[in-house]
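Here is what each chain is made of, one letter per residue.
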Amino acid sequence: MITQYKVMPGPEHFLPPSAASMGNALPDPGQGHIHGTIVQEEQAMEEAARQFLSAKVPTLFPGPLVLWAWNDKAAKKAKAVRHLYETIKDSVTSTQTAMLIPMPDYRPKYPKINPEVEINPNHPNLTIWHNKIDACMFVGVHCHQANLSLKIIRGGTSCYTVAMCAQAGHEDAMLSFRDATADKIIRLADWVKKLKGSVEPPK
Amino acid sequence: MATQSVIGQKNNKGQAFTDPRHMMFEAPRTPSFFTGSEVIKEAVRRASCDMMVAYPITPQSEAAALCGELFAEGYIGDYFRGESEFAVMSQCAGAAFGGARVFTTTAGPGTMRAMENFPMWAGARLPIQMIVTCRGINSPLSIQPDTLEISYLMQTGMLVWHAETAQDFYDWILLGYMVSEEPDVHLPLALCCDGFFVTHTKDMVDLTPVDMCLPPYDPYRSPVPCMDMECPPVRMMRDPFVMKSNYISYATHASWQQEVWAAVERSRKHTIGWMNGLIDTENTDADIIVVASGTAVSQSREAIDILADEGISVGLVKVKTLRPWPGEEIKEATKNAKHIIVPEFNVTGWLGREVKATVPNNERVHSGPHVCGGMTMPPEIIASEIKTILGIKVETLSGRGS
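Things to note about the overall build of chain A
Helices and strands together make up the secondary structure of chain A, namely six helices and seven strands. Listed N to C, the secondary structure of chain A is β-β-α-β-α-α-β-α-β-α-β-β-α in terms of helices and strands. Dimensions of chain A, computed from the C-alpha atoms along their principal axes, are close to 40 × 40 × 40 Å. Looking at the 203 residues of chain A, the share that counts as buried comes to 50%. For chain A, the proportion of contacts with a sequence separation of at least 24, taken over those separated by at least 6, is 66%.

What follows is the structure, given as structure tokens:
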């Protein structure tokens with residue numbers, strides 16, 4: 001299927017479609033996608049860094065796969081995520097606020113979650129609205145839960161979504177990487193450092 | 001955990017875990033004369049299955065019992081009989097939640113009895129493989145082939161493939177795990193065939209080497225936690241979104257369902273890579289094209305030969321996967337056809353409906369001939385249907401379907 005569907009910041013629809021059902025395909029190894037268009041990974045790196053540097057509240061959402069040291073790779077990746085957060089924090093202006101908000105688990109929590117301390121895939125819009133987050137990156141979130149959340153964010157918020165996926169990537173993010181490793185996350189931090197000062201901050 | 005490559009290592013039966021591309025496409029094959037049920041056993045022998053749950057009462061296929069022999073021989077990690085088909089499918093879910101590669105078989109009324117489990121499997125993203133050796137499901141009961149149950153499975157969120165021959169069956173059981181266990185897919189597969197015609201007849205099948213087997217399933221690549229009693233999909237059983245009356249709970253449930261069908265769509269890329277397309281085509285320049293699945297394809301080939309002898313050129317589209325639905329491929333293959341014939345082994349004509357919903361100018365689609373309840377479909381009645389559509393006078397054939 002040839003698709004014209006662009007995965008853009010919302011609010012898109014009462015119930016936006018899954019991008020896969022609109023014909024969007026996942027990137028192959030060495031590639032990423034931006035708004036559904038397949039690009040080389042380096043181009044996606046640069047664009048993700050620009051999105052972080054031009055956002056008022058660039059935010060990382062690390063999930064259980066990196067929050068728990070269940071193997072050596074996860075621990076290494078967690079350090080890389082912390083490094084990326086510190087790099088973004090050091091690279092933005094005083095009018096911008098970088099955040100690191102964990103997704104510790106996937107439970108549908110009632111009567112409410114505390115949006116200042118967590119995000120979960122079932123209520124992602126609450127955390128995004130409360131903190132006025134306008135660009136975010138999922139990392140270490142199980143793929144099914146990430147896609148669940150990415151669609152809800154696109155449906156009800158104007159937040160720009162990035163997925164740093166350890167598997168095949170996410171069509172439902174506006175920008176996605178695949179086969180994420182600690183080194184890849186550090187490369188993204190390097191792109192943020194490289195572009196520091198060259199991207200206009202938000203007004 | 002199984003994230004390290006195990007290719008080249010041996011299992012406790014001395015089989016080498018083999019790169020599936022080498023095993024399926026490069027390794028030498030041995031021609032063997034087997035029934036379809038025996039072929040299922042031989043595929044499972046090479047599939048590195050952790051678990052099989054069986055309900056072998058159905059006379060439709062001996063496969064469940066034959067897989068019991070495999071367990072006795074040490075080729076399957078664990079094996080037991082469930083109390084009923086519903087229990088079997090629930091038990092399969094438990095094993096898959098725990099991170100096992102699971103295999104089971106079913107047919108006919110048993111499939112219907114277990115039906116509640118299939119959307120649950122898909123929703124929980126469990127890559128269980130279920131062989132469906134189709135038979136009649138309605139009263140008066142029949143143990144003869146009839147493909148009506150496939151139409152129910154097509155709405156569950158499972159992958160649904162329809163094998164024509166025992167060779168398809170053998171290859172697709174093994175390839176099925178490769179597709180359904182991809183992390184961006186990770187869905188159950190209903191691998192269907194027409195019972196008796198495929199399961200009980202003997203055919204030549206080229207088998208892969210018995211000392212090679214698939215690499216084991218790696219549950220750590222699952223898109224959901226493989227077992228966590230505090231998190232969905234397990235926790236959803238006691239704290240489902242639908243029990244909370246607020247917008248976001250419903251939105252979560254809706255997004256969850258969309259994600260299951262998104263995963264079906266994602267399976268296209270992998271299925272095309274492993275199975276060389278979702279359809280096979282022959283002579284699609286012809287004005288008349290037969291679109292069929294299962295053994296209706298074999299009968300259609302015979303009919304096409306009969307008509308060729310009479311100077312009538314007819315093309316063929318063999319539909320291999322029903323979910324994902326090869327809509328674009330069928331549209332392309334039939335774009336020049338004046339008449340599209342869809343013969344089926346069921347009373348409702350579900351394949352004809354799907355084709356009608358797919359192609360432009362769908363007055364071209366002739367849904368039929370249909371046989372059901374165990375009737376055979378002689379090639380002559382397909383040829384006769386085509387000639388009738390072309391305005392050629394034909395003799396009445398007794399036993400012709402609707």
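A short note on the overall build of chain B
In terms of regular secondary structure, chain B is built from 13 helices and 16 strands. In terms of overall size, chain B behaves like a compact globule, its C-alpha atoms giving a radius of gyration of 21 Å where 402 residues would be expected to give roughly 21 Å. Across its three principal axes, chain B shows a C-alpha extent of roughly 65 × 55 × 40 Å. The buried share among the 402 residues of chain B stands at 53%. In chain B, of all internal contacts separated by at least 6 residues, the share reaching a separation of at least 24 is 80%.

Structural notes on the packing of helix α8 (residues 166-180) of chain B against helix α9 (residues 247-275) of chain B
Residue and element names in this part refer to chain B. Between α8 and α9, whose axes approach to 9 Å, the crossing angle comes to 150°. Crossing hand, α8 versus α9: right-handed. The segment α8 lies against α9, with Leu175, Met178 and Val179 engaging Ser267, His270, Thr271, Trp274 and Met275. The class makeup of the residues in the contact of α8 with α9 is five nonpolar, three polar and no charged.

A closer look at helix α2 (residues 36-45) of chain B
Among the ten residues in α2 of chain B, nine count as buried, and that is most of the element. For α2 of chain B, the set of buried residues is Gly36, Ser37, Val39, Ile40, Lys41, Glu42, Ala43, Val44 and Arg45 of chain B.

Observations concerning the domain arrangement of chain B
All names here are of chain B. Taken domain by domain, chain B comprises domain 1 (16-221) and domain 2 (279-389). Averaged C-alpha coordinates put domain 1 and domain 2 at centres separated by 27 Å. Counting residues at the interface gives 20 residues for domain 1, matched by 20 residues for domain 2. Contributions of two or more residues to the side of domain 1 that touches domain 2 are made by α7 (148-153), β7 (159-162) and β8 (189-194).

Side note on the environment of Lys73 of chain A
Summarising the element assignment, Lys73 of chain A is placed in helix α3 (residues 72-91). For the pair formed by Lys73 of chain A and Ala182 of chain A, sequence separation is 109 residues and the distance between their alpha carbons is 7.7 Å.

Things to note about the packing of helix α5 (residues 143-156) of chain A against α9 of chain B
Contact pair α5 of chain A / α9 of chain B: the axes reach a minimum separation of 9 Å and the direction vectors enclose 120°. In terms of their interaxial angle, α5 of chain A and α9 of chain B are classed as oblique. The crossing of α5 of chain A and α9 of chain B is right-handed. Two secondary-structure elements touch here, α5 of chain A through His144, Asn147, Leu148, Lys151 and Ile152 of chain A and α9 of chain B through Ala251, Thr252, Ser255, Trp256, Gln258, Glu259 and Ala262 of chain B.

Some words on the sheet that holds β8 of chain B
All names here are of chain B. Spatial ordering of the open sheet is given by β4-β3-β5-β6-β8-β7-β14, a layout of seven strands whose pairing is mixed. On the outer flanks of this sheet lie β4 (78-81) and β14 (321-323), each paired with one strand and no other. For this sheet, the mean angle separating the axes of adjacent strands, direction not counted, is 20°. In terms of strand pairing, strand β3 (residues 51-54) meets β4 through four bridges, oriented parallel. Across the sheet, residue Met51 finds its bridge partner in β4, namely Asp78. Relative to strand β5 (residues 102-106), helix α4 (residues 85-97) is tilted by about 165°, and along the sheet it contacts β3 and β5.

Some thoughts on the environment of Asp171 of chain B
Residue and element names in this part refer to chain B. By the secondary structure assignment, Asp171 is in helix α8. Judged by the 22 C-beta atoms lying within 10 Å of it, Asp171 falls in the buried class. Sequence separation between Asp171 and His270 is 99 residues, and the spatial gap between their C-alpha atoms is 15 Å.

Remarks on the sheet that holds strand β1 (residues 31-34) of chain A
All names here are of chain A. If you trace the seven strands from one edge of the open sheet to the other, you get β2-β1-β7-β6-β5-β3-β4, paired in mixed fashion. Looking at which strands have only one partner, the edges of the open sheet turn out to be β2 (37-40) and β4 (99-100). Here strand β5 (residues 135-139) runs beside strand β6 (residues 160-164); their pairing, made up of five bridges, is parallel. The partner of Ala135 across the bridge, within β6, is Tyr160. Packed on one face of the sheet, α3 meets β3 (58-62), β4 and β5 and runs near 170° to β3.

With respect to the pairing of strand β12 (residues 288-292) of chain B
Residues and elements named next belong to chain B. Among the five residues in β12, five count as buried, and that is most of the element. Burial along β12 is two-sided: the residues Ile288, Val290 and Ala292 and Ile289 and Val291 are all buried. Pairing geometry for β12 and strand β13 (residues 314-319), over five bridges, is parallel. By the bridge assignment, Val290 is partnered in β13 with Leu316. In this fold, β12 hands off to helix α10 (residues 295-309), which returns the chain to β13; that crossover is right-handed. Here β12 pairs with strand β15 (residues 339-344) via three bridges, running parallel. If you follow Val290 over to β15, its bridge partner there is Ile341.

As for the interface of chain A and chain B
Facing the 25 residues of chain A at the interface are 30 residues of chain B. Its residues assigned to classes, the side of chain A that touches chain B shows 13 nonpolar, nine polar and three charged.

Concerning the confidence of the model for chain B
Mean pLDDT for chain B: 91, with 92% of residues reaching 70 or above. Predicted complex metrics record ipTM = 0.94 and pTM = 0.95.

Focus on unusual backbone geometry
With the exception of glycine, most residues fall at negative phi, and the peptide bonds are largely trans. Residue and element names in this part refer to chain B. Look at the link from Arg323 to Pro324: it is a cis peptide, with omega at 5°. In this structure, Pro369 follows Gly368 across a cis peptide bond, with omega equal to 5°. Turning to its location among the elements, Pro369 is positioned in strand β16 (residues 365-370). A positive phi angle is found at Asn276, which is not glycine, with a value near 55°. Among the secondary structure elements, Asn276 is positioned in the loop between α9 and β11 (279-282). Even without glycine at this site, Asn283 takes up a positive phi of about 55°. Structurally, the position occupied by Asn283 is in the loop between β11 and β12. Classification of Asn283 as partly exposed rests on a count of 13 C-beta atoms within 10 Å.

Definitions and limits used
Residues numbered from 1 in each chain as written. Chains lettered and ligands numbered in written order. Predicted model: local features only at pLDDT ≥ 70, side-chain atom pairs only at ≥ 80, totals over all residues. Helix = DSSP H or I, 4+ residues; strand = E, 2+ residues; numbered from the N terminus. Buried ≥ 20, exposed ≤ 12 C-beta atoms within 10 Å, placed from the backbone. Contact = placed C-beta atoms within 7 Å. Rg over C-alpha atoms; globule rule 2.2 N^0.38 Å. Axes fitted to C-alpha atoms, helices over the stretch in contact; angles between N-to-C directions. Left-handed = near helix turned anticlockwise from the far one by under 90°. Nonpolar A, V, L, I, M, F, W, Y, C, P; charged D, E, K, R; others polar. Domains from an automatic or database assignment. Parallel < 35°, antiparallel > 145°, perpendicular 65-115°, else oblique. Pairing = 2+ DSSP bridges. Right-handed = clockwise from strand over helix to strand, strands pointing away. pLDDT = per-residue confidence, 0-100.

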